[in-house]
Amino acid sequence: MEHLTVQRDIDLYERMVSGDQKAFENLYMKYEKLIYSFAYRMTQNHSSAEEVVQEVFLKLWKKHAQYLEEKGKFSSWLLTITRNASMDLLSRQTKHQHAEFEEHDSLTDTALHIEGVIEKKEQSNTVHTAIAQLNEEQQTVIRLCYLNGMSHEKISSDTGVPLGTVKSRIRLALKHLKSSQTLQRDYHFT
């Protein structure tokens, strides 16, 4: 019985190689479920298993896979092709996912960076607009203190304004900035 099945597979295979579509359909009907279940066990995914089945039978039909009887049973040969196709598919999927993640991460990093730059620029513009609403003396001390990072003492010594006056101007400037419509709108000061 085994010999008849092997012979039949060989006959079907040889007829298929010579262009007999019916022989190809018979091989498909006979082995599709076996190939699918084997591919599914390897890929653990229904659509991937279906893709492997399609790839295996496409290789058969396009004569990219050649069966030699002396190498073993036809079904074993088909399962070897199935295993290789499954491994190739898994490898491609892994590379594709890795590339997608890298691309997504890169795009996300770039988007976050650009968003951060834009946000800082908008905040800077808002702060500069609010500072411009202060009187000139208050603008000077706020810029020196908060934008240039100078200490109260350094501002006093560089400008020749007494330390107490510098502190008063900073305190008044901050009070005005806190009540500024621009900063309240953008930063929700209360």
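Rules behind the numbers
- Residues numbered from 1 in each chain as written.
- Predicted model: local features only at pLDDT ≥ 70, side-chain atom pairs only at ≥ 80, totals over all residues.
- Heavy atoms only, no water.
- Helix = DSSP H or I, 4+ residues; strand = E, 2+ residues; numbered from the N terminus.
- Buried < 20%, exposed > 50% of the residue type's maximum accessible area, 1.4 Å probe, protein only.
- Contact = heavy atoms within 4.5 Å.
- Areas by Shrake-Rupley, 256 points an atom, 1.4 Å probe, with all protein chains shown as cover.
- Core = buried A, V, L, I, M, F, W, Y, C linked by side-chain atoms within 4.5 Å.
- Axes fitted to C-alpha atoms, helices over the stretch in contact; angles between N-to-C directions.
- Parallel < 35°, antiparallel > 145°, perpendicular 65-115°, else oblique.
- Nonpolar A, V, L, I, M, F, W, Y, C, P; charged D, E, K, R; others polar.
- Left-handed = near helix turned anticlockwise from the far one by under 90°.
- Phe/Tyr/Trp six-rings, centres within 6.5 Å; stacked < 30°, edge-to-face > 60°.
- Salt bridge = Lys/Arg side-chain N within 4 Å of Asp/Glu carboxyl O.

1. Some words on the overall build of the protein chain
The number of helices and strands found in the protein chain is eight helices and zero strands. Traced from its N-terminal end to its C-terminal end, the protein chain shows the element sequence α-α-α-α-α-α-α-α. In the protein chain, which comprises 190 residues, the proportion classed as buried is 28%. Put simply, of all contacts in the protein chain between residues at least 6 apart along the chain, 57% involve residues at least 24 apart. Of the roughly 13000 Å² of accessible surface on the protein chain, 54% is carried by carbon and sulfur atoms.

2. Quick word on the side chain of Asp-9
Relative to the elements of secondary structure, Asp-9 occurs in helix H1 (residues 2-17). In contact with Asp-9, other than residues within four places in its own chain, are Leu-27, Lys-30, Tyr-31 and Phe-74.

3. Focus on the nonpolar core
Generally speaking, soluble globular proteins have nonpolar side chains that are buried together. In terms of nonpolar packing, the biggest core is built from 25 residues, with Tyr-13, Phe-74, Trp-77 and Leu-78 touching the most fellow members. Other than its neighbours up to four places away in sequence, Tyr-13 contacts Leu-27, Leu-60, Ala-65, Gln-66, Tyr-67, Phe-74 and Trp-77. Ile-131, Val-141, Leu-144 and Leu-177 belong to the second-largest nonpolar core, a separate cluster that totals 14 residues.

4. Brief notes about the packing of helix H5 (residues 136-147) against helix H7 (residues 163-179)
Orientation of H5 relative to H7, taken along the N-to-C sense of each, is 95°, at an axis distance of 9 Å. Regarding the angle of H5 to H7, the classification is roughly perpendicular. Between H5 and H7, the contacting residues are Glu-137, Gln-138, Val-141, Ile-142, Cys-145 and Tyr-146 on the first element and Val-166, Arg-169, Ile-170, Leu-172, Ala-173, Leu-174, His-176 and Leu-177 on the second. Tallied by class, the residues present in the contact of H5 with H7 amount to 10 nonpolar, two polar and two charged.

5. Some remarks on the packing of helix H2 (residues 21-43) against helix H3 (residues 46-61)
Where H2 meets H3, the closest approach of the two axes is 8 Å, and the angle between their N-to-C directions is 145°. Where H2 crosses over H3, the two elements pack in a sense that is right-handed. The residues of H3 that touch H2, namely those facing Gln-21, Phe-24, Leu-27, Tyr-28, Tyr-31, Glu-32, Ile-35, Tyr-36, Ala-39, Tyr-40 and Thr-43, are His-46, Ser-48, Ala-49, Glu-50, Val-52, Val-53, Val-56, Phe-57 and Trp-61. Of the residues assigned to the contact of H2 with H3, the class counts are 14 nonpolar, four polar and two charged.

6. So, the packing of aromatic side chains
Aromatic ring pairs: the centre-centre distance and the angle between the two ring planes describe each pair. By the definition in use, this model includes 11 aromatic pairs. Plain terms: the ring middles of Tyr-13 and Trp-77 are 5.7 Å apart, the flat faces sit at 80° to each other, and that makes the pair edge-to-face. Separated by 64 residues along the polypeptide, Tyr-13 in helix H1 and Trp-77 in helix H4 (residues 74-132) bring together distant segments of the chain. With a relative accessible area of 8%, Tyr-13 lands in the buried category. The interplanar angle of 45° and the centroid separation of 5.5 Å between the aromatic rings of Phe-74 and Trp-77 together place this pair among those described as tilted.

7. Focus: unusual backbone geometry
Phi at Gln-44 is positive, roughly 55°, even though this residue is not glycine. Turning to its location among the elements, Gln-44 is positioned in the loop between H2 and H3.

8. Considerations on the pattern of salt bridges
Summed over the entire model, instances satisfying the criterion amount to seven salt bridges. Residues Glu-55 and Lys-59 are paired through a salt bridge, measuring 4.0 Å at the closest nitrogen-oxygen approach. Placement of both Glu-55 and Lys-59 in helix H3 is noted, with a separation of four residues, approximately one turn of the helix. By relative accessible area, which is 25% here, Lys-59 ends up partly exposed. Measuring nitrogen to oxygen at the nearest pair gives 3.3 Å for the salt bridge that ties Lys-154 to Asp-158. You can see Lys-154 and its partner Asp-158 sitting in helix H6 (residues 152-159), four residues apart, about one turn around the helix.

Scope: geometric values only; no functional claims are made or implied.
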